[in-house]
Amino acid sequence: MKKRLIALIIASILIFQSAVFVTAQEVKNNKEDSVFTLLAALSILKGDGNGNYRQNELLTREEYAALILRLTALDSMVDAYNEKETCFKDVPATHWSFPYIGVAKQVEIIDGISADYFGVGNNVKLNEAVKILVSALGYKKAAEDKGGYPSGYINMALKLGLLKNIESNEYLTRGEACQLLYNSFSVNINNEITGVEEGRTVLNTYLGFSVEEGVLEETYHYQSEQQLLKDYVKISGNIYYAPLVQADEYLGCNIKYYIKKIDSQQTVYFISAIGQSKDLTVYDEAIMPDTSLTSFRYSSQDNKVMSASLSDKLKIYKNGLLIKRENAVSSDLIPESGVVTLKDVDRNGAYDIAIVNEYKNSIVSYISEDTIYCKYSEKIELEDSLDDVECYKNGMKIGFSELRNGDVISVSQSADKSRIIIYASEEYLVGSIIEKDESDADRILYTISDDEGARTTLSVAANYKKAMQEKKQGIVNLKINSNQICRFYLDAFGRIGDVLIEQKSSSVNLRLPIKQSDGSLLTPFQ
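Residues numbered from 1 in each chain as written. Predicted model: local features only at pLDDT ≥ 70, side-chain atom pairs only at ≥ 80, totals over all residues. Heavy atoms only, no water.

A. Summary view of the overall build of the protein. Along its length, the protein carries 10 helices and 28 strands. Counting over 526 residues, the protein shows a buried share of 48%. Of the roughly 26000 Å² of accessible surface on the protein, a fraction of 45% belongs to carbon and sulfur atoms. (Helix = DSSP H or I, 4+ residues; strand = E, 2+ residues; numbered from the N terminus. Buried < 20%, exposed > 50% of the residue type's maximum accessible area, 1.4 Å probe, protein only. Areas by Shrake-Rupley, 256 points an atom, 1.4 Å probe, with all protein chains shown as cover.)

B. Focus on the packing of aromatic side chains. Per the stated rule, a full pass over the model turns up 17 aromatic pairs. Note on Tyr182 and Phe185: the rings are 5.7 Å apart at their centroids and 65° apart in plane angle, and the pair reads as edge-to-face. Residue classification places Tyr182 among the partly exposed positions, given a relative accessible area of 28%. With a relative accessible area of 7%, Phe185 lands in the buried category. Over the ring of Tyr149 we find Lys131, and its NZ or CZ is 5.4 Å from the ring centre. We note Arg487 situated over the ring of Tyr428; from NZ or CZ to the ring centre the distance is 4.3 Å. (Phe/Tyr/Trp six-rings, centres within 6.5 Å; stacked < 30°, edge-to-face > 60°. Lys NZ or Arg CZ within 6 Å of the ring centre and 35° of its normal.)

C. Main features of the side chain of Thr72. Inspection of the secondary structure assignment puts Thr72 in the loop between α2 (61-71) and α3 (75-80). If sequence neighbours within four positions are ignored, Thr72 has contacts with Ala136 and Tyr206. (Contact = heavy atoms within 4.5 Å.)

D. Just the layout of surface pockets, in detail. Taken as a whole, the largest pocket spans an internal volume of roughly 1400 Å³. As for the largest pocket, its lining consists of 44 residues, of which Glu336, Ser337, Tyr359, Lys360 and Ala462 are closest to the centre. Those elements giving two or more residues to the lining of the largest pocket turn out to be β15 (360-367), β17 (380-381), β20 (408-413) and α10 (462-469). The element that contributes the greatest number of residues to the lining of the largest pocket is α10, accounting for six residues. Taken together, the residues of the lining of the largest pocket break down into 16 nonpolar, 10 polar and 18 charged. (1 Å grid on protein atoms, 1.4 Å probe; cavity = no way out; pocket = protein on both sides within 12 Å on 5 of 7 lines; lining within 4 Å. Points joined across faces, edges and corners; volume = space filled by probe spheres on them. Nonpolar A, V, L, I, M, F, W, Y, C, P; charged D, E, K, R; others polar.)

E. Representation of α2. Of all 11 residues in α2, 10 are buried, a share of seventy percent or more. Contacts made by the buried residues of α2 are with α3, α4 (98-106), α5 (126-136), α8 (174-183) and α9 (202-206). Remark: Ala73 follows α2 within two positions and exhibits a positive phi of approximately 60°.

Encoded structure:
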């Protein structure tokens, strides 16, 4: 029975199946990845349809031509291109690149490999790519004056800083082509009549973006008062629309962000961290009870007691809402079931932000329009909060109506019920219990063996432990070293949230409703 990643990722939460939960990481930018995601966010780069950018593959001449037209916002001319005759013999009107090459030829930023042939399918060379980009930026005449193709264009590219972080000296990979285009963002456009105008770049002139810096203060999921609407963020006191940005991970960080005015609304398209923030993520079972507002105490993965210093200006976000410092108590940092992420934004050794996500587990029996009826526990009534509910299953966002009978759900809910996030898990293990450990008063551990003899040790989720203690109807009497084969359903933390005896000989699925003679559906938990 292998350990498996319970792939439910939301905001900064990474949940693994393990006995002790502690992770430390630095939030920073992988430069190559961030260049790709930036160009994709600005609609310059398009993937292969599956979200893959294939950065190590070579780029063809026609693909590079398409990138240049998007960079210079000439792709609008592509949509309006209505020429019927091809300007190159190897570019038929049926080829996807026909309008791109036609427009690039019209505006004189690209030539063919000869008068009659463009070179469709040929991989683009560095010298060719540089000539096209230098020409698009308005420096064609200056490059010709420096010696023409290829030396004059290469020298001009070096002068403009276009070749920074480019290692190729022959053919360009897709990654290097994107780096080349990214380097052009800081180059002033040259008008061959009026000359260079300081601050006039492809970003602000052609694409309409401005680049700003600030501190990401609040997001929809993490805010001081429930005033931010969904998809909005607060950066250095200003509110922006950011529907495509995963902003939560940058909470409290100094950031660079790309904004554009769309329908009179300032919209953030991309965020990157300036510098690095040091993060520490600790799950409830590893948090020590003597944790305070000045010292966060936890058990490391090698069972050593560790202390993390907390800033005297610590901000605590519990289930999305900021707890005012004067109202905070130590127990706010010790969720019964959940995870705490500490962020040292200024890297001075004291953590500035604590993100506490506390969860309550339930087992879905069935759902109505706005209510979840649960096995072992009280129903969850959402009523007016239904529009604010976010549901995830197997790492994917789902609709509330897609929750199913038998799902183990972990529910995070803010104090005012304005923010509700539900993680549903269908993960399970089949086997029998061979060992039980109750040495820790706060948790029960079961070691389970599958039919191949592989062993896995799992803790019991708080909801099921409570149900066992109260001897709720339907609770399986777990037996050690017996032939009792059970199906152990796991919550989003990889803990046992429900148990059913495995009925191998039955054709009835115990977790699906049963149709009765009158046509009504009876759930197994009714």
